[in-house]
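For reference, the chains in residue letters:
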Amino acid sequence: MTAASSATSVSLERSRVVIVGAGPAGLTVANILRAASVDCVVLETESREFIEQRPRAGFLEEWAVRALEQRGLAGRLLERAQAHSECEFRFAGERHRFPYRELSGHRHFVYPQPLLVTDLVRAYADDAGGDIRFGVRDVELDALDTDRPSVSYTDPETGTRLRIDCDAVAGCDGARGVTRTCMPPDTTIARHDYGIGWLALLAEAPPSSDCVVFGIHPRGFAAHMARSPQVTRYYLECPPGDDPENWPHERVWSELHQRLSAQGAGPLTEGRLIEKRVLDMHNYVVEPMSYGRLYLAGDAAHLAAPIAAKGMNLALHDALLLGDALAAYCSGGDDSGLSGYSASCMPRVWQDQEFSQWLSEILHGASSGDPFREGAMTARLRRILTSPTAAAAFAELFIGKHTGH
Ligand code: FAD
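From a predicted model like this one, the values you see are computed outputs, not experimental measurements.

So, how was this worked out
Residues numbered from 1 in each chain as written. Predicted model: local features only at pLDDT ≥ 70, side-chain atom pairs only at ≥ 80, totals over all residues. Heavy atoms only, no water. Pairing = 2+ DSSP bridges. Helix = DSSP H or I, 4+ residues; strand = E, 2+ residues; numbered from the N terminus. Contact = heavy atoms within 4.5 Å. Axes fitted to C-alpha atoms, helices over the stretch in contact; angles between N-to-C directions. Near = heavy atom within 4 Å. Polar contact = N/O pair within 3.5 Å; in protein donor to acceptor, adjacent residues only side chain to side chain. Areas by Shrake-Rupley, 256 points an atom, 1.4 Å probe, with all protein chains shown as cover. Nonpolar A, V, L, I, M, F, W, Y, C, P; charged D, E, K, R; others polar. Domains from an automatic or database assignment. Buried < 20%, exposed > 50% of the residue type's maximum accessible area, 1.4 Å probe, protein only. Phe/Tyr/Trp six-rings, centres within 6.5 Å; stacked < 30°, edge-to-face > 60°. Lys NZ or Arg CZ within 6 Å of the ring centre and 35° of its normal. Buried area = accessible area lost by both parts, 1.4 Å probe. Salt bridge = Lys/Arg side-chain N within 4 Å of Asp/Glu carboxyl O.

Trainee: Before we go on, may I ask you to explain the sheet that holds strand β9 (residues 131-133) in this structure?
Mentor: Sheet strands line up and pair through hydrogen bonds in the backbone, either parallel or antiparallel. In spatial order, the strands read β9-β3-β2-β13-β20-β19; together these 6 strands make up an open sheet with mixed pairing. For this open sheet the edge positions go to β9 and β19 (290-291), each flanked by a neighbour on one side alone. For strand β13 (residues 168-171) and strand β20 (residues 294-296), the ladder comprises 3 bridges, and the chain directions are parallel. Counted as the bridge partner of Gly-171 is Leu-296 from β20. Each of β2 (17-20), β3 (40-43), β9 and β13 touches helix α1 (residues 24-35); the most contacted strand, β2, lies at about 155 degrees to it.

As structure tokens, this is what we get:
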């Protein structure tokens, strides 16, 4: 936390809420505040074009889609997204379909994150005339433990330093943002490192299956996930910190073919690799998610490695709670939502963390090189594939239906 006083001249402004970061979390909070006629400003370091194209997540859980729909934010999503009802495990050369919709009543909606971000920016800035500032530099937060916190930044066009005094700051700036660093030193940050990497790939190729495919293989885990009729996401387990350059086109496709092969499985359609990056699989949870008048949401507060596709959904869960709590506070002075915000988020946050860790053992057991983990993994997989009770519990966790949504 540093004061904005280092700049030579500072222009002063006032807004009820400053939202740092225009990802799914920040933009959802912004749209809720705008709809409640609460004055707010969104600050984003990147350009609009950049955030509308940044490829990341692609699976929205049905409860999240319905919550966006209730707020009038899911029009294009519902028109364009494909719904998935099943996933498939491939293990020891066999295919096992898992019908999670039949078991839970809920589906996934395949909607690439850049499309959701595009819709949310349009709804907030173009349709509702909301204030969003792109390309900001050197964002700093100050006086968070007072009733008059402020956020300052450098305007990219003029180089002027601006300070916005406000009532509350929404820290929605993701895993590498600045707001988490403003939490006091005694904040608990719980961490888990899986000790593995995933090579995250986007291929210019149509999906090769009608559902998500998890390939559990001694050579390493692999996954197939549709993104659009033209683009498919693939993952390949690799050593943490591996260099994507170690994975030329031929090696990637050879590994995908081997790790996703199973009796009766159709061939994979290959295509140009348009994204290739190594993600080290690790999670963290900041608890509590607030300090003074700073409220963290989404990846700023907790990271869930993409093992169970929870990150974007959790970001939306936080944002829906935070948006409503800020609106109640700013419109009528009701502080109860804000004071209970962190405690309201935590059950789902930890449920998804635990589920990701649990699923990780299934996905990576066969390649762990540890016969005990492999044996336990086989038992786990057999249980969800043969016990209706275990299958129903898995389905609810997988689709995020577990906390009453
Ligand atoms: P972000 O989307 O990271 O948004 C934060 C914003 O803040 C960014 O626009 C950033 O530019 C901006 N920012 C950063 N620093 C500052 C600053 N100092 N000042 C102002 N702005 C700043 N999740 C799923 O649910 N399903 C999936 O299938 C899935 N797959 C994934 C695949 C990959 C390869 C990756 C990387 C992630 C995946 N995730 C998935 C996770 C998901 O993308 C994140 O959880 C989600 O983006 C979190 O949203 P957010 O709004 O909290 O943060």
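Trainee: Can you walk me through the site of the ligand in this structure?
Mentor: In the vicinity of the ligand there are 36 residues, among which Glu-44, Arg-54, Arg-56, Gln-113 and Met-312 approach most closely. In this structure, Pro-24 approaches the ligand through a main-chain N or O atom, which is 3.2 Å from an oxygen atom. In the model, an oxygen atom of the ligand is placed 2.7 Å from a nitrogen or oxygen of the Gln-113 side chain. Considering the ligand on its own, with 1,000 Å² of exposed area, one finds that the protein chains cover 92% of that surface. Mapped onto the shell around the ligand, the elements with two or more residues apiece are α1, β17 (232-238), β18 (272-287) and α8 (311-332). Per-element tally for the shell around the ligand: the top contributor is α8, with 4 residues. For the shell around the ligand, a count of residues per class yields 16 nonpolar, 10 polar and 10 charged. Of the residues that make up the shell around the ligand, three or more belong to each of domain 1 (11-77 + 112-189 + 283-353) and domain 2 (85-107 + 193-280 + 368-403).

Trainee: Honestly, the pairing of strand β15 (residues 212-216) in this entry has me stumped. Any pointers?
Mentor: A regular strand places its side chains on the two faces of the sheet in alternate fashion. Here β15 lies mainly inside the structure; 5 of its 5 residues are buried. Here β15 shows two buried faces, one formed by Val-212, Phe-214 and Ile-216 and the other by Val-213 and Gly-215. One ladder, built from 5 bridges, connects strand β6 (residues 87-91) with β15; its direction is parallel. If you follow Arg-90 over to β15, its bridge partner there is Gly-215. As paired elements, β15 and strand β16 (residues 222-226) share 3 bridges and run antiparallel to each other. The partner of Val-213 across the bridge, within β16, is His-224.

Trainee: Sorry if this is basic, but what is going on with the sheet that holds β15 here?
Mentor: Spatially, 8 strands are ordered β7-β6-β15-β16-β17-β14-β18-β21 in an open sheet, and the strand pairing comes out mixed. Each edge of the open sheet is held by one strand with a lone partner, namely β7 (94-98) and β21 (302-303). Two strands pair when backbone bridges link them, and β18 and β21 are joined in this way by 2 bridges, in the antiparallel orientation. Its bridge partner lying in β21, Tyr-284 is registered against Leu-303. Of the strands in this sheet, β6, β7 and β15 touch helix α12 (residues 388-398), which is tilted by about 75 degrees from β7.

Trainee: When you look at the packing of aromatic side chains in this model, what are you seeing that I'm missing?
Mentor: Describing an aromatic ring pair means giving the distance of the ring centres and the angle of the ring planes. Applying the stated criterion across every chain, the model contains 14 aromatic pairs. Ring geometry for Phe-394 against Phe-398: centres 5.6 Å apart, planes inclined by 15 degrees, an arrangement best described as stacked. In this pair, Phe-394 and Phe-398 are both assigned in helix α12, 4 residues apart and thus about one turn of the helix distant. Every member of this aromatic cluster is reached through a ring pair, and the members are Phe-89, Phe-98, Tyr-100, Trp-198, Phe-214, Phe-221, Tyr-235, Phe-355, Trp-358, Phe-394 and Phe-398. Taking the ring centre of Trp-247 as reference, the NZ or CZ of Arg-251 above it sits at 3.6 Å. Its end group placed over the ring of Tyr-329, Arg-293 keeps NZ or CZ at 4.6 Å from the ring centre.

Trainee: What should I look at first to understand the side chain of Thr-154 in this one?
Mentor: Tracing the backbone shows Thr-154 in strand β11 (residues 150-154). What Thr-154 contacts, discounting residues up to four positions off in sequence, is Val-136, Arg-137, Asp-138, Gly-159, Thr-160 and Arg-161.

Trainee: What is the right way to read the domain arrangement of the chain from this model?
Mentor: For the chain, the assigned domains are domain 1 (11-77 + 112-189 + 283-353) and domain 2 (85-107 + 193-280 + 368-403). On a C-alpha basis, the centroid separation for the pair domain 1 and domain 2 is 30 Å. On the side of domain 2, 20 residues touch domain 1, which itself brings 20 residues to the contact. Among the residues of domain 1 in contact with domain 2, Phe-59, Glu-62 and Ile-307 are the three that bury the most area, contributing 31% of the side total. Where domain 1 packs against domain 2, one counts 1 salt bridge.

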